[in-house]
Structure formats: C-alpha cells, structure tokens
Amino acid sequence: MKYASLLFTGLVFACSTPKSDQEVFSEQQRENLEPLVEKIDEPVSELEQNLIEQGLVNLEEVIPGIRVELKYSTEDNFFGQDVYGDLTNAYLQPEVAEMLRQAQEKLQSEHPNLVLHVYDGVRPRSVQQILWDNLDKPDSVKPLYVADPKVGSLHNFGVAVDLTIFDTEADSVLDMGTGYDFFGYAAYPDREEQMLQEGVINREQVKNRDILRKVMTESGFSGIGSEWWHFNAYSRKEAGEKFKIVE
C-alpha cells in the first residue's frame, strides 16, 4: 500500500513537472508553422497560378494591412458578372506593388485608422476579352467602357489599380460620392466643381477623394479624369516598354 502511494505520488509529480525548453520550443515551432502549412495547402486556381508564373505579386503578401475586395470576383460591378472565378487576391507588377506599399504607409502615417482597399489590380487579357465580348454595345462605343483586348489597357499590363479607402474604426469604406464602376459625371475628378455646385456630391466626399489622391500621387501614381478610383503607375508608352501584357 505504501509502495502504491509512493508510485502514485511519483506519477503526479512527473506529469506536473514543467516542460523542458526543447519541448516548449518544439510546440512553439509547431504553432508557428500551422498557419503556413494551411496556406501551402490552399489550392491556387489556374488563373492565379498563371499570374504568379508571369512574375506578379500578391498585394496582401507584400503590403501590411491592405484590404482587397476584387469586384470582378463578384457580380457587384458594371458588367454584373463574376469573371475572375476563384481568384480573390489582387496582383500587380512588383515595382508597382512597392509604390502602392509606400502609399499605404503614407496613408497610415497621416490617418492611422485608414487603409487602402483594392477593387482591382492586374486584369489578364483573357478576362479583358470576356468583358469586351459580353458588353452589349456596338464595337465603336465599347472603348468608352472597356479597353479593346487587342490594344490592351494599363490593367492588362499590371500597372493600374482601382481602389478606395477603408476606415477601420467605422468598419466601412469612406463615402466617395459614388460607388465603384459608376459611369457618370459624379465620378469624374474633372467635373467635381460642377458636381459640387449642382449638389450631386458634397465637400466631405471630395475631401475623402483628396486623401486618396494625395497618397497615391505622392507615391508616383497618376489619376484619370473620369474615375476617382483609378490610378496608373506608368503611361501607356512606358508600360509597353517595361512590361508585356499579362495573358
């Protein structure tokens, strides 16, 4: 009986003995690796693999805190179609992604509660063709809405990005006066003063657009006159000299 009691005490002591540093370290290693293993096991679609093989980078992997909501992976876009399928990550040319990282840092330094929120990055020509073919407009009018795949747009080169700003405190995007893919003067930076005078948009909405424009232009991007959300890293000529169209 006395022997059994001593044996039980020894077992309890052994089970309660602190783990060795090596055991603790091994557990920490396993915990650290688990998310990586899960990420490795995640299937990559054929479209996404194609982007990776062509040298583009996943924005969420290289820009801390950036948000991505690919509108063309939903039906919430001008065409009302999901043309990206399983692709939910935004990709750009590496040096363009670096420019965008700088814009994110500028935004965060001035407004810690705000982050960039990406709607579209590279758009492969194969996807551009789908949009072109499905747009119910005469070919002569289609270029007003979508670039001709034969020529290619800056999105097709991976040097253009569509985005807005997300307020982490309000848990919503900033009010820019219109939604993404809105075709009309209310979305035109070139018509903002006119739209203000007509009461179509307000000063707060233009102020929000100015925050976006400031961090983007200071990081080397340029906007266009008809879409507050669209920014280019290079001109069409520069893009053609530096890169190939992403197929």
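Residues numbered from 1 in each chain as written. Predicted model: local features only at pLDDT ≥ 70, side-chain atom pairs only at ≥ 80, totals over all residues. Heavy atoms only, no water.

Thoughts on the overall build of the protein
- When helices and strands are counted, the protein shows ten helices and eight strands.
- Residues classed as buried in the protein amount to 41% of the 247 residues present.
- Counting contacts in the protein only where the partners sit at least 6 residues apart, residues at least 24 apart contribute 70% of the total.
- Of the roughly 14,000 Å² that the protein leaves accessible, carbon and sulfur atoms contribute 52%. (Helix = DSSP H or I, 4+ residues; strand = E, 2+ residues; numbered from the N terminus. Buried < 20%, exposed > 50% of the residue type's maximum accessible area, 1.4 Å probe, protein only. Contact = heavy atoms within 4.5 Å. Areas by Shrake-Rupley, 256 points an atom, 1.4 Å probe, with all protein chains shown as cover.)

Some remarks on the environment of leucine 154
- Structurally, leucine 154 can be placed in helix H7 (residues 154-157).
- Overall, the relative accessible area of 12% leaves leucine 154 in the buried class.
- The spatial distance from the C-alpha of leucine 154 to the C-alpha of tyrosine 234 is 8.0 Å, given a sequence separation of 80 residues.
- Not counting chain neighbours up to four residues away, the residues in contact with leucine 154 comprise Val159, Ala160, Asn232, Tyr234, Ser235, Arg236 and Ala239.

Considerations on the nonpolar core
- Ranked by internal contacts, the top residues of the largest apolar core, which has 57 residues, are Leu100 and Met216.
- Non-local contacts of methionine 216, meaning those with residues more than four positions away in its chain, are made with Leu100, Ala103, Val161, Leu163, Phe221 and Phe231.
- Residues Ala186, Met195, Ile201 and Val206 belong to the second largest nonpolar core, which totals five residues. (Core = buried A, V, L, I, M, F, W, Y, C linked by side-chain atoms within 4.5 Å.)

A few points about the pairing of strand E4 (residues 114-120)
- Buried residues dominate E4, accounting for seven of its seven residues.
- Bridging between strand E2 (residues 67-68) and E4 involves two bridges; their strand directions are parallel. Bridged to valine 68 within E4 is valine 118.
- With six bridges connecting them, E4 and strand E5 (residues 160-167) associate as antiparallel partners. The residue bridging valine 115 from the neighbouring strand is phenylalanine 166, located in E5. (Pairing = 2+ DSSP bridges.)

Quick word on the pattern of salt bridges
- What the rule picks out here adds up to 16 salt bridges.
- The partner of lysine 71 in a salt bridge is aspartate 76, with the nearest N and O atoms 2.6 Å apart.
- Taking relative accessible area as the criterion, lysine 71 reaches 9% and is therefore assigned buried.
- The salt bridge partner of glutamate 193 is arginine 203, with a shortest N-O separation of 3.7 Å. Of this pair, glutamate 193 sits in helix H8 (residues 192-197) while arginine 203 sits in helix H9 (residues 203-218), and the two are ten residues apart along the sequence.
- The exposure class assigned to arginine 203 is exposed, which follows from its relative accessible area of 56%.
- Look at the salt bridges and you will find they share partners, linking Glu192, Arg209, Asp210 and Arg213 into a network. (Salt bridge = Lys/Arg side-chain N within 4 Å of Asp/Glu carboxyl O.)

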